[in-house]
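# Topology and contacts: notes
Each chain, written out:
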Amino acid sequence: MYKDSPDNFIIDGGSLQAGEVTLSEVIYDDQQSHAVVNGDFCDKPIKAIEDKIAAIDSYIAAKAAREYVPPTLEELREQALNYQYQKYDAQKHAIVWLQDGSGYGFDCNDDDQNNWQVALTLMENDITMYRVYTDKNNLSKKSFLEVTRDQMMEAGNLVKAQQYAAYSGFEKVSAEIANCTTAEQLKPYLPTESA
């Protein structure tokens, strides 16, 4: 919906000449197979209405561009930190894959780490059943398989190293972001669509 003053309507590309702005009852949407114009059913498309919709879309875009206020340096820093934190969190909780030839992959979120602790604590004869990934190309499927204490310890050590690396990287990036003094310097830390 476009709503603004007549002066801004003209700035955004509109015209107040006779015939340009008309009031009529129109029901015209993507949900209906026919349109209703002044109480009459009509076949779609109706070029005049399509043209008015396109004009309104251009007015809305022009108004948005006219009213756009670029983010402050502090707002950009906050966006950069939030984006980098999401990357850190994804790295911290990425699946770890054992290097022992089994091809097993372990989830690393907080709940899964608690499950590991329970499985290790209750393990008998250094073997337990556990849900693991077996195919790096199909992460929609986990299998309930026999794993050893050594495999679970390897997975735990991989997670610990992964989390240390993620945290260290995030700390470094956070300091770099804090030292940025221009929006241009922050671009490498922002998602590409907002940089």
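Refer to the structure above for everything that follows.
The structure contained in this document is the topic of the report that follows. Predicted, not measured: the structure shown is a model, and the values here were computed from it. (Residues numbered from 1 in each chain as written. Predicted model: local features only at pLDDT ≥ 70, side-chain atom pairs only at ≥ 80, totals over all residues. Heavy atoms only, no water.)

A word on the packing of aromatic side chains. Within the structure shown, the criterion is met by 7 aromatic pairs. Relative to Tyr 88, the ring of Tyr 85 lies with its centre 5.2 Å away and its plane at 55°, an arrangement referred to as tilted. With Tyr 85 and Tyr 88 both in helix α3 (residues 73–92) and 3 residues apart, this pair spans about one turn of that helix. Here Phe 106 and Trp 116 contribute two aromatic rings whose centre-to-centre distance is 5.7 Å and whose plane-to-plane angle is 70°, an arrangement assigned as edge-to-face. Taken together, the positions of Phe 106 in strand β5 (residues 105–106) and Trp 116 in helix α4 (residues 110–121) put the pair 10 residues apart, joining distant regions of the chain. Its relative accessible area of 0% is what places Phe 106 among the buried residues. Given a relative accessible area of 5%, Trp 116 falls into the buried group. Aromatic rings pair up to connect Tyr 85, Tyr 88, Tyr 167 and Phe 170 into one cluster. (Phe/Tyr/Trp six-rings, centres within 6.5 Å; stacked < 30°, edge-to-face > 60°. Helix = DSSP H or I, 4+ residues; strand = E, 2+ residues; numbered from the N terminus. Buried < 20%, exposed > 50% of the residue type's maximum accessible area, 1.4 Å probe, protein only.)

With respect to topology, 3 strands assemble into an open sheet ordered β1-β2-β3, the strand pairing being antiparallel. Pairing within the sheet leaves two strands with one partner each, and these edge strands are β1 (26–27) and β3 (40–43). The pairing of β1 with strand β2 (residues 34–37) spans 2 bridges and is antiparallel. Looking across to β2, one finds that Val 26 is bridged to Val 37. (Pairing = 2+ DSSP bridges.)

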